[in-house]
Amino acid sequence: MTGQQTSPQTTELITGIAELTSQADDGARLRGAALVIENGRIAWLGPASEAPAADTRTDVGGRAVLPGWVDTHTHIVFAGDRAAEFEARMAGQRYTAGGINTTVTATRAATEQQLIAGAARLRREAEAQGTTFLETKTGYGLDLESETRSARAAAAVADVVTFLGAHLVPAGMDRRDYLDLVTGPMLAAVAPHADYIDAFCEVGAFDVEESREVLLAGRAAGLGVRVHGNQLGFSGGVRLAVELGAASVDHCNHLEERDIEALAGGTTVATLLPACDLSTREPFPPARRLLDAGARIALATNCNPGTSYTTSMPFCVATAVLQMGLTIEEAVWAATRGAAAAVGREHGADAVGSLRVGGWADLQVLDAPSVAHLAYRPGVPLTMAVWRRGLRSPRGGQDA
């Protein structure tokens, strides 16, 4: 592949595209395409034979181009390691929410700069695998000082920040006192750095009424709403998310028909986390049933130190195809355009997850002629180059 890194002030023609997945409308894949980048955005897109002149030209040599991945569920602001917990789980111990406390202890002891450095390392790792937009959460501090520090660190690294003070009641603290802290002083301190509020609506964490209290307090403070729901059982989190018009409800492993009907009839995106399901040995969400019912889905990594320590969106896409019954088009859509909907970034000037004239030039090149190779060759590092906001990443892929 030939070409050079350019500044967003010049125009760059990307040609030699065997297959372009733009996600701008119906997810159709275009053959023999080209596009032009100008000022960080896509200025032209169409058949290569009709491409206009540009200041620079990059020939991708008959490879596939698609939007950068939009990873809308991560927990990359943390310290410490939980490999021993993972090993025990692989030996037969079932996952419970309580393991979070191990990470809380380590995160409280870390400095803000250490938290930023750790999160930035994982962000770079994700970008090298094609991720150009990333959300992350607080939730491993669980006291006023540590959650505020975590929120500042998240804002320094991620594109979207979610306040997850309602992750777990920390050891040694009264439950009511902690809820008052989360919905009062902690929310006030974190809100200036956050875009969304979330609650872990699950057995061992917070019930439906506690979660509703937290989420409504966040909404009153100007934050959007997201929910962790129905990961370990029929927690009620899915229907709470739909009731509140949450942007997304994440996990969705255990769904009754009325949960699926609620998602199909509402605007809430069901964000599925297949790497986490493999690690916790929970059943995969019923992705096929959700889509067939008319619900919208997204895919994300859930990168965290306890249950899904991966930054690989390609791994999640491949797993969704090979294990969850999705077609390659459905999985790629869920990891790009569908994921954008889960954080309110599907439309408008700051839209992500699609390639369209006027939109951000966030894209990746695969060392393959088609996106089908993402599942056809699982585990193979296919991301060859990455552009974010029109700039070629010095970290992206094999050809950087």
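Please refer to the structure placed before this passage.
The following paragraphs examine the structure supplied in this document. (Residues numbered from 1 in each chain as written. Predicted model: local features only at pLDDT ≥ 70, side-chain atom pairs only at ≥ 80, totals over all residues. Heavy atoms only, no water.)

1. Comments concerning helix H4 (residues 144-157)
- Its 14 residues give H4 an end-to-end C-alpha distance of 20 Å, which sits within 8% of 20 Å, the value for a rise of 1.5 Å per residue.
- For H4, the full list of buried residues reads Ser146, Glu147, Thr148, Arg149, Ser150, Ala151, Ala153, Ala154 and Val157. (Helix = DSSP H or I, 4+ residues; strand = E, 2+ residues; numbered from the N terminus. Expected span 1.5 Å × (residues − 1). Buried < 20%, exposed > 50% of the residue type's maximum accessible area, 1.4 Å probe, protein only.)

2. What about the nonpolar core?
- Grouped together as the largest cluster of nonpolar side chains are 86 residues, with contacts concentrated most on Leu272, Leu290 and Val317.
- In terms of residue count, the dominant contributor to this core is helix H5 (residues 175-190) (seven residues).
- Listed in part, the 15 residues of the second largest apolar core include Ala33, Leu35, Ile37 and Val60. (Core = buried A, V, L, I, M, F, W, Y, C linked by side-chain atoms within 4.5 Å.)

3. Digging into the environment of leucine 122
- Structurally, the position occupied by leucine 122 is in helix H3 (residues 112-127).
- In the structure, leucine 122 is positioned 45 residues away from valine 77 in sequence and 9.4 Å away in space, judged by C-alpha atoms.
- Residue contacts for leucine 122: discarding those within four places in its chain leaves Ile76, Phe78, Cys303, Tyr309 and Thr311. (Contact = heavy atoms within 4.5 Å.)

4. Quick notes on empty space enclosed by the protein
- Across all of its chains, the model carries one cavity of 30 Å³ or more by this definition.
- Its boundaries defined by the atoms lining it, the largest cavity holds a volume of some 120 Å³.
- Among the residues forming the lining of the largest cavity, the class breakdown is five nonpolar, eight polar and one charged. (1 Å grid on protein atoms, 1.4 Å probe; cavity = no way out; pocket = protein on both sides within 12 Å on 5 of 7 lines; lining within 4 Å. Points joined across faces, edges and corners; volume = space filled by probe spheres on them. Nonpolar A, V, L, I, M, F, W, Y, C, P; charged D, E, K, R; others polar.)

5. Looking at the pattern of salt bridges
- According to the stated counting rule, one finds 29 salt bridges in the structure shown.
- As a salt-bridge pair, glutamate 85 and arginine 89 come within 3.2 Å of each other at their nearest N and O atoms. Of this pair, glutamate 85 and arginine 89 both sit in helix H1 (residues 83-90), four residues apart, which is roughly one turn of the helix.
- A salt bridge links arginine 108 to aspartate 143; its shortest N-O distance comes to 3.3 Å. With a gap of 35 residues between them, arginine 108 in helix H2 (residues 100-109) and aspartate 143 in the loop between strand E6 (131-137) and H4 connect regions that are remote in the sequence.
- According to the relative accessible area criterion, arginine 108 is partly exposed, its value standing at 34%. (Salt bridge = Lys/Arg side-chain N within 4 Å of Asp/Glu carboxyl O.)

6. Some remarks on the environment of arginine 29
- Along the chain, arginine 29 falls in strand E2 (residues 29-38).
- A relative accessible area of 23% places arginine 29 in the partly exposed class.
- Put simply, arginine 29 and valine 371 are 342 residues apart on the chain and 9.2 Å apart in space, counted from C-alpha to C-alpha.
- Ignoring any residue separated from it by four or fewer positions in sequence, one finds arginine 29 in contact with Glu19, Leu20, Thr21, Ile328, Glu329, Ser370, Val371 and Ala372.
- There is a polar contact of 2.3 Å between the side chain of arginine 29 and the side chain of glutamate 329. (Polar contact = N/O pair within 3.5 Å; in protein donor to acceptor, adjacent residues only side chain to side chain.)

7. Focus: the sheet that holds strand E7 (residues 160-166)
- Read across the open sheet, the eight strands follow the order E5-E6-E7-E8-E9-E10-E11-E12; overall the sheet is parallel. The strands lining the two open edges of the sheet, one partner per strand, are strand E5 (69-71) and strand E12 (297-299). The mean inter-strand angle of the sheet, taken between neighbouring strand axes irrespective of direction, is 25°.
- Sheet analysis places strand E8 (residues 196-201) next to strand E9 (residues 224-229), joined by four bridges and oriented parallel. The residue bridging cysteine 201 from the neighbouring strand is glycine 229, located in E9.
- Packed onto the sheet, helix H11 (residues 313-324) meets E5, E6, strand E11 (269-272) and E12 and runs at close to 90° relative to E5. (Pairing = 2+ DSSP bridges. Axes fitted to C-alpha atoms, helices over the stretch in contact; angles between N-to-C directions.)

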